[in-house]
Amino acid sequence: MNRIVSKLHPLGRSYGDFCTSANWNTQQFVGVGREHLHNCSHTSPRLFSSLPHTLPGPGEAPCTIHQLPDYNASPHDIKSLQLATYLINSLRQNNHMAFIVGGWVRDKFMARPSADIDITTSAKMPEVQRLFPNMQQLPRNTYRVPLGSESFEVTTFRGWKQQAEWDAAHMDAAMRDFTVNSLLYDPVHKVVLDFVGGVHDIRDKVLRVNVMPLSYQVDHNPHYFNVLKEDPLRVLRGVRLAVDLGMRLEAGTTAHLMARHAPDCSFRDKNVGVLRILRELLKLAALEGRRRGAFADALLLAAEVELLGSLFPFLQGEAQVQRAVQVQRLLPPDMPLELRLAALVQPWYKRGTQPSPLQAVEELLSDPSVPRVLPEHRACLSTLSRLVDLSLRKYGEGKGDSKREWVSCFAEPAVEQCVQVLAAWVPLDCARASFLEDMARMRAEWGADIREEEARRRSATVQQLRNLSSTYFGGPQWPRPKQGVGQRNGQGQG
């Protein structure tokens, strides 16, 4: 059982002393004055030499302390936590604050499988690099630190206070996206520090956006600060987290702020970035593997916070949104993201009188960086477009297409998923079943020809690779290595 500590801290004791005391779980911890205390080292040598010598003043940095719930840990989980504890101890022994933060701590309170361990610290890049020379710098003051077979993302405290002070840890927690992701875990003393009420929100299944404390706004930043304005992608992340964690959005400030900043979260906004949006959508599509219909639920929630129109401008009107949601529920869980996005539009259209609706999705994914996240998106959309064209001629215009065209189409990549997308938009269940049976019949009837076409394409691909290899590695265009010293005139080096 989690023991919630009350909000009174015994005067004259530091955080390190408080955690190591025998009855830490019977009282609460928050400072009652700005007294400089130096009695930390004799009770917890070196580990808390910087935590915190200065206690918060009245009304500042209120913190509730919890125990981490019991959980079943695999050998890999135990090893990862041991390495993370070693990393944190290394930082603390050099006078830096450091905690485990984010999804790992949240998932323990929700009895969910844990994500990777992330660490937040007061140490800046040169100090982290001095302790871990093989670290890799990432964007947003984040560093990847390899330890053994694991690697950890270490982030410098957010905000304008990054020194090893209690207020700096509070500010780092308050500047994260949502309260449930702002819990700090101290693996040395095995306690969770909650500055923002994240544990309470986990128990109530409420997703609440963080709001900067008033004292920081007045003293350091007179303008209203909110984390969604800083990074509008957090609106989409909030939708994903609400669906993934089974939480409801806090109806007041959170829902208002998400709707307010939803227009800034779009593929056209360079400050957000196409790749970051696609990565969030990939995580959202991956939820289908754990719970069928998660993507459709996310679309409905995105519509509630006015995000859907920003992400997908081609979805206009409630009726179109509702139909797209119904189609998403019919798709199999392993549907690729690019085809899930293509399934947002009605593929059946009148040829010759209007452009293909799939062009809107193709324009959405036209950014040159998209193949870095969706390497097969062009092939998938091309296959779907070709299948739509053949189906419209066959069923809409009654024109008999040659067997060769259908065989060539059925040999395309991801054709089975494309058939599922097209069938999901057939309005009647009986007609949908008839369409699927017709597709299966043609594929079975022409199975030998389809396999022959697939083999021919594989052979052509292999031949292209051989030609490229011959051109760049075996042909005369490839420069010969220069003769080294001692190899001229046929003289080898003994």
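A brief report on the enclosed structure follows.

Counting residues in hydrophobic clusters, the biggest one holds 119 residues, and the most contacted among them are Ile100, Leu278, Leu281, Leu307 and Phe312. Looking at this core element by element, the count peaks at eight residues for helix α9 (residues 233-245). When residues no more than four places from it in sequence are discounted, the contact partners of Ile100 are Leu81, Ala84, Ile88, Val105, Ile117, Asp118, Ile119, Leu183, Leu184, Tyr185 and Pro187.

We now examine the packing of aromatic side chains. By convention here, two paired aromatic rings are described through the distance between centres and the angle between planes. Overall, the coordinates contain six aromatic pairs when judged by the stated rule. Pairing Phe312 with Phe314 gives two aromatic rings, centres 5.9 Å apart and planes at 35°, and the pair type is tilted. The class for Phe314 is buried, based on a relative accessible area of 16%. Aromatic ring contacts, followed pair by pair, group Tyr71, Trp104 and Tyr185 into a single cluster. Above the ring of Trp104, the side-chain terminus of Lys108 is found at 4.2 Å from the ring centroid.

This brings us to the pairing of strand β6 (residues 150-156). Counting buried positions along β6 yields five of seven residues, so the element is predominantly enclosed. Note: strand β3 (residues 118-121) against β6, four bridges, orientation parallel. Bridge assignment links Thr120 to a residue of β6, and that residue is Thr155. As judged from the six bridges shared by strand β5 (residues 142-147) and β6, these two strands associate in the antiparallel manner. Bridging from a neighbouring strand, Val145 pairs with Phe152 of β6. Following β5, the chain reverses through two residues before pairing antiparallel with β6; Gly148 in that reversal takes a positive phi of roughly 60°.

Moving on to empty space enclosed by the protein. Enumeration over the complete set of coordinates arrives at one cavity of 30 Å³ or more. Here the largest cavity is characterised by a volume of approximately 60 Å³. Around the largest cavity sit Leu236, Val239, Leu281, Leu284, Phe295, Ala298, Leu299, Ala302, Leu308, Leu311 and Phe312, which together line it. Among the elements that take part in the lining of the largest cavity, helix α12 (residues 294-304) stands out by supplying four residues, more than any other. Looking at the lining of the largest cavity residue by residue, the class counts come to 11 nonpolar, no polar and no charged.

Although it is not a glycine, Lys205 adopts a positive phi angle of roughly 55°. Along the polypeptide, Lys205 turns up in the loop between α6 (198-204) and β9 (206-207).

A separate point is the side chain of Glu453. Following the sequence through the fold, Glu453 ends up in helix α21 (residues 447-474). A polar contact of 2.7 Å, which involves the side chain of Glu453, links it to the side chain of Arg456. The residues contacting Glu453, other than those within four sequence positions of it, are Val407, Ser408 and Ala411.

Our focus in this paragraph is the packing of α9 against α12. Across the interface, α9 lies against α12 with an axial gap of 9 Å and an inter-helix angle of 130°. In terms of their interaxial angle, α9 and α12 are classed as oblique. Viewed along their axes, α9 and α12 form a crossing whose handedness is right-handed. Each of Val239, Ala242 and Val243 in α9 lies in contact with α12, whose residues at this interface are Ala294, Asp297, Ala298, Leu301 and Ala302.

Here we take up the sheet that holds strand β4 (residues 136-138). Pairing between the strands of a sheet is mediated by backbone hydrogen bonds and can be parallel or antiparallel. A sheet is described by the order of its strands in space; here eight strands give the open sequence β1-β8-β7-β2-β3-β6-β5-β4, paired in mixed fashion. Whereas interior strands pair on both sides, the edge strands pair on one side only; in this sheet they are β1 (64-67) and β4. Each strand axis lies, on average, 35° off the axis of its neighbour in the sheet, ignoring direction. With three bridges joining them, β4 and β5 adopt antiparallel strand pairing. Bridge assignment links Leu138 to a residue of β5, and that residue is Thr142. Along the sheet, helix α5 (residues 166-174) makes contact with β2 (98-101), β3, β6, β7 (184-186) and β8 (191-194), crossing β7 at roughly 135°.

What follows is about the layout of surface pockets. As a volume, the largest pocket reaches approximately 1,700 Å³. What lines the largest pocket is a set of 44 residues, among which Asp118, Glu153, Arg237, Glu280 and Lys283 lie closest to the centre. Listing elements by their share of the lining of the largest pocket, those giving two or more residues are α3 (103-109), β5, β6, α9 and α11 (274-286). Ranked by the residues each element gives to the lining of the largest pocket, the list is headed by α9, at six residues. For the lining of the largest pocket, the per-class residue count stands at 12 nonpolar, 10 polar and 22 charged.

Moving on to the environment of Glu250. Looking at where Glu250 falls in the secondary structure, it is placed in the loop between β10 (248-249) and α10 (253-261). Note on Glu250: relative accessible area 16%, which makes it buried. In this structure, the C-alpha to C-alpha distance between Glu250 and Lys205, residues 45 residues apart in sequence, is 9.5 Å. Contact partners of Glu250, with chain neighbours within four places excluded, come to Val206, Leu207, Arg208 and Ala255. Polar side-chain contacts of Glu250 include one of 2.9 Å to the backbone nitrogen of Gly252.

Parameters and conventions
- Residues numbered from 1 in each chain as written.
- Predicted model: local features only at pLDDT ≥ 70, side-chain atom pairs only at ≥ 80, totals over all residues.
- Heavy atoms only, no water.
- Core = buried A, V, L, I, M, F, W, Y, C linked by side-chain atoms within 4.5 Å.
- Buried < 20%, exposed > 50% of the residue type's maximum accessible area, 1.4 Å probe, protein only.
- Helix = DSSP H or I, 4+ residues; strand = E, 2+ residues; numbered from the N terminus.
- Contact = heavy atoms within 4.5 Å.
- Phe/Tyr/Trp six-rings, centres within 6.5 Å; stacked < 30°, edge-to-face > 60°.
- Lys NZ or Arg CZ within 6 Å of the ring centre and 35° of its normal.
- Pairing = 2+ DSSP bridges.
- 1 Å grid on protein atoms, 1.4 Å probe; cavity = no way out; pocket = protein on both sides within 12 Å on 5 of 7 lines; lining within 4 Å.
- Points joined across faces, edges and corners; volume = space filled by probe spheres on them.
- Nonpolar A, V, L, I, M, F, W, Y, C, P; charged D, E, K, R; others polar.
- Polar contact = N/O pair within 3.5 Å; in protein donor to acceptor, adjacent residues only side chain to side chain.
- Axes fitted to C-alpha atoms, helices over the stretch in contact; angles between N-to-C directions.
- Parallel < 35°, antiparallel > 145°, perpendicular 65-115°, else oblique.
- Left-handed = near helix turned anticlockwise from the far one by under 90°.

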